[in-house]
Amino acid sequence: MSDTNIIISKEKTKQIYESYSDYFAEIMNNIIKVLQEKVKLMSQPTYKCRVKSFNSYYKKILRVKPKIDEEQKSLICLTDMLGIRMICAFLEDINLGLEQIKKIFVIKEVEVKGAEKKFSEFGYESIHVLIKIPEDCKPPMEGKYEGLSPLPEDIVCEIQIRTILQDAWAEVEHELIYKTEFNPFDIPLRRKLASLNASLTLADITFQEIRDYQKKLQKEIEDRRKSFYSMADNLLNEKVEKNISGNINRVTPFIQGTIDDLLLHAIHAHNEGNLQEAIDTYSKILEAVPESDKNVIAVISKHRGMAYFSMNKFEEALGDFDNSLKYDPNAYRTYYYRGIVFSIQKNYEKAIESFTKSLEINEYQAHTHFRRAMAYFEIKEYEKSMSDLNTALNLGMDPDECQSLREKLVKKFGLNM
């Protein structure tokens, strides 16, 4: 009898298929463990898994008409029996996740679902990856799985990679469209669905833009902080330099004309050494921000203070740091910056007071303990200086940076190194 003439028994097919249910579930749990261990993104994905329902499985068998043996004893394998969803926070995570999956598994196929649909249609893109199931993800065919026929070597698992919003759309779309006998015929209703689809797509794009902006801004701020520390080191060592700046490819603004854009522009100018331009831009922001927006005033005042510091305008810097602390009394870094200025002015008592305030808020600051140790040394509080120096070292301070102060303290205590 030829394959095409074999009548597929629904009851027998169901019995065989459901006998693998627990086995499939264990395979998918093992694959998810591998994904959780090896896929590393800034925002870790969440995972869902499902074994295809028998009704969906059987309908597809009747549609695709696979080759089966005459006695129909073995499982009829489809590519989407085992499905895992990898749900990411942002659009960029999809491609990053895909690239990592390619390095972990043997890839049989990658398909972008929904890419072919028109904007006015309901489909929402997601990436579907067929992977070969690793042997170490397959439970042994003994014990509770004894009696099951071994699966084909080329059996696959489908991993769908989506954003949170794409996954939400897919769930609703499945209920509204794929589980019914027909798509909506009503034109206004179709337009509403298309509009929802477009809104979710736009939301995903906007979330990604905001994240891109935050990463760019964070990079600029980190560069600014490092430059401040470098300049503070030079000033405290009486090696004054006008500007500390690097030739780095800088970022472009986020949304022109907004406070976010002005802040990014100001920090960019600051990092490039265009200090007066940075100060002018910080000032524009402070003029535009309402008194009630305390967090923004605190942040902008802090950064303008750092710019004044870079211009050796220490009184203006202190004024801005004090203003920042007025609006955010828990800003431990601002207390640290203020302490640096007082140290440069040789006002060590005030410096110690500022460093102490900073450490009361966050005691795990190696540099702050180190700077306070230096200030204590200057006022001949050698035991406190040594205590702070040891704490700084315990918190990971570079021993080379501490060597000079340690040698001075050892001499004061009359000890041998």
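Please read these numbers as outputs of a predicted model, since none were measured by experiment.

Rules and cut-offs
Residues numbered from 1 in each chain as written. Predicted model: local features only at pLDDT ≥ 70, side-chain atom pairs only at ≥ 80, totals over all residues. Heavy atoms only, no water. Helix = DSSP H or I, 4+ residues; strand = E, 2+ residues; numbered from the N terminus. Buried < 20%, exposed > 50% of the residue type's maximum accessible area, 1.4 Å probe, protein only. Contact = heavy atoms within 4.5 Å. Areas by Shrake-Rupley, 256 points an atom, 1.4 Å probe, with all protein chains shown as cover. Phe/Tyr/Trp six-rings, centres within 6.5 Å; stacked < 30°, edge-to-face > 60°. Salt bridge = Lys/Arg side-chain N within 4 Å of Asp/Glu carboxyl O. pLDDT = per-residue confidence, 0-100. Pairing = 2+ DSSP bridges. Axes fitted to C-alpha atoms, helices over the stretch in contact; angles between N-to-C directions. Parallel < 35°, antiparallel > 145°, perpendicular 65-115°, else oblique. Left-handed = near helix turned anticlockwise from the far one by under 90°. Nonpolar A, V, L, I, M, F, W, Y, C, P; charged D, E, K, R; others polar. Lys, Arg positive; Asp, Glu negative; His and termini not counted. Polar contact = N/O pair within 3.5 Å; in protein donor to acceptor, adjacent residues only side chain to side chain. Expected span 1.5 Å × (residues − 1).

Trainee: Quick one: what's the story with the overall build of the chain, residue by residue and with numbers?
Mentor: Per the secondary structure count, the chain includes 15 helices and five strands. For the chain, the proportion of its 417 residues judged to be buried stands at 43%. In the chain, the share of contacts with a sequence separation of at least 24, taken over all contacts with a separation of at least 6, comes to 66%. As displayed, the chain offers around 23,300 Å² of accessible surface, 50% of which is attributable to carbon and sulfur atoms.

Trainee: So what's going on with the packing of aromatic side chains? Residues and values would help.
Mentor: For any pair of aromatic rings, geometry is given as the distance between the ring centres together with the angle between the planes. Counted by the stated rule, this structure contains 13 aromatic pairs. For the pair Phe-54 and Tyr-58, a centre-to-centre distance of 5.6 Å together with 25° between the ring planes defines the contact as stacked. On the criterion of helical spacing, the pair formed by Phe-54 and Tyr-58 is a turn pair, its members being four residues apart in helix 3 (residues 54–64). Take Phe-54 and Tyr-58: they sit in the same class, and that class is buried. One aromatic cluster is present, built from ring pairs that chain together Tyr-17, Tyr-20, Tyr-23, Phe-24, Phe-54, Tyr-57, Tyr-58 and Tyr-145.

Trainee: An account of the pattern of salt bridges is needed here, citing residue identities and associated values.
Mentor: Side-chain pairs of opposite charge can arise where the charged atoms are in close proximity. Here the structure, examined in full by the defined rule, presents eleven salt bridges. Residues Asp-80 and Lys-52 are paired through a salt bridge, measuring 3.0 Å at the closest nitrogen-oxygen approach. Within this pair, whereas Asp-80 is found in the loop between helix 3 and strand 2 (82–88), its partner Lys-52 is found in the loop between strand 1 (46–51) and helix 3, the two being separated by 28 residues in sequence. The closest approach of N and O atoms between Arg-338 and Asp-322, which form a salt bridge, is 2.9 Å. Residue Arg-338 is located in helix 11 (residues 332–344), and its partner Asp-322 is located in helix 10 (residues 314–327); the two are separated by 16 residues in the primary sequence. When salt bridges with common partners are traced through the structure, they connect Lys-48, Arg-85, Arg-162 and Asp-167 into a single cluster.

Trainee: Describe the confidence of the model for the chain, and please don't skip the residues or the numbers.
Mentor: Confidence along the chain averages 81 in pLDDT terms, with 80% of residues attaining 70 or more. Ranking the helices and strands of the chain by mean pLDDT puts helix 12 (residues 348–361) first, with 95, and helix 6 (residues 187–236) last, with 70. Ignoring residues within four places in sequence, the model shows residues 239–256, a span with pLDDT below 50, making 46 contacts including any to other chains.

Trainee: Just give me the short version of unusual backbone geometry, but keep the residues and values in it.
Mentor: For Lys-346, which is not glycine, the phi dihedral falls at a positive 65°. With a phi angle near 65°, Lys-380 is a residue other than glycine that sits in the positive phi range. Looking at the secondary structure, you find Lys-380 in the loop between helix 13 (366–378) and helix 14 (382–394). The class for Lys-380 is exposed, based on a relative accessible area of 60%.

Trainee: Describe the sheet that holds strand 4 (residues 126–132), and please don't skip the residues or the numbers.
Mentor: In space, the five strands of this open sheet follow the order 1-2-5-4-3, with mixed pairing throughout. One side of each edge strand has no neighbouring strand; the edge strands of this open sheet are strand 1 and strand 3 (107–113). Put simply, the sheet's adjacent strands are angled 20° from each other on average, direction ignored. Where strand 3 meets strand 4, six bridges bridge the pair, whose relative direction is antiparallel. When the sheet's bridge partners are listed, Glu-109 is paired in strand 4 with Leu-130. Strands in contact with helix 4 (residues 91–104) are strand 2, strand 3, strand 4 and strand 5 (156–163); relative to strand 5, the strand with the most contacts, it is inclined by about 155°.

Trainee: Describe in detail the packing of helix 1 (residues 10–19) against helix 3, supporting the description with residues and values.
Mentor: For the pair helix 1 and helix 3, interaxial distance at closest approach is 11 Å and the crossing angle is 125°. Considering the angle they form, helix 1 stands oblique to helix 3. Crossing of helix 1 over helix 3 shows right-handed handedness. Across the interface between the two elements, Lys-10, Thr-13, Lys-14, Tyr-17 and Glu-18 of helix 1 pack against Phe-54, Tyr-57, Tyr-58 and Ile-61 of helix 3. Here the contact of helix 1 with helix 3 is composed, by residue class, of five nonpolar, one polar and three charged.

Trainee: Lay out the packing of helix 13 against helix 15 (residues 399–413) in plain terms, naming residues and giving numbers.
Mentor: Taken N-terminus to C-terminus, the directions of helix 13 and helix 15 make an angle of 35°; their axes are 11 Å apart at the nearest point. Of the two elements, helix 13 crosses helix 15, and the hand of that crossing is left-handed. Between helix 13 and helix 15, the residues in contact are His-367, Phe-370, Ala-373, Met-374 and Phe-377 and Glu-401, Cys-402, Leu-405, Lys-408, Leu-409 and Lys-412, respectively. The residue inventory of the contact of helix 13 with helix 15, partitioned by class, reads seven nonpolar, one polar and three charged.

Trainee: Can you lay out the side chain of Glu-158 for me, pointing to particular residues and giving the numbers?
Mentor: Structurally, the position occupied by Glu-158 is in strand 5. Nearest to the buried, unbridged Glu-158 among oppositely charged side chains is Arg-50, at 4.5 Å. At 3.0 Å, the side chain of Glu-158 and the side chain of Gln-160 are in polar contact. Setting aside chain neighbours within four positions, we find Glu-158 in contact with Thr-79, Asp-80, Leu-82, Gly-83, Ile-84, His-128, Val-129 and Leu-130.

Trainee: Hey, could you go over helix 10 for me, with residue numbers and the actual values?
Mentor: With 14 residues, helix 10 ought to run about 20 Å at 1.5 Å a step, and its terminal C-alpha atoms sit 20 Å apart, in line with that. All of the buried residues along helix 10 are Phe-314, Ala-317, Leu-318, Asp-320, Phe-321, Ser-324, Leu-325 and Tyr-327.

Trainee: Would you mind going over the pairing of strand 2 in detail, with residue names and values included?
Mentor: Along strand 2, seven of the seven residues are buried, which leaves the element largely enclosed by surrounding structure. A two-sided burial pattern is seen for strand 2, the buried positions comprising Leu-82, Ile-84, Met-86 and Cys-88 on one face and Gly-83, Arg-85 and Ile-87 on the other. As defined by bridge partners, strand 2 adjoins strand 5 across six bridges and the pair is classed as parallel. Counterpart to Arg-85 in the pairing with strand 5 is Gln-160.

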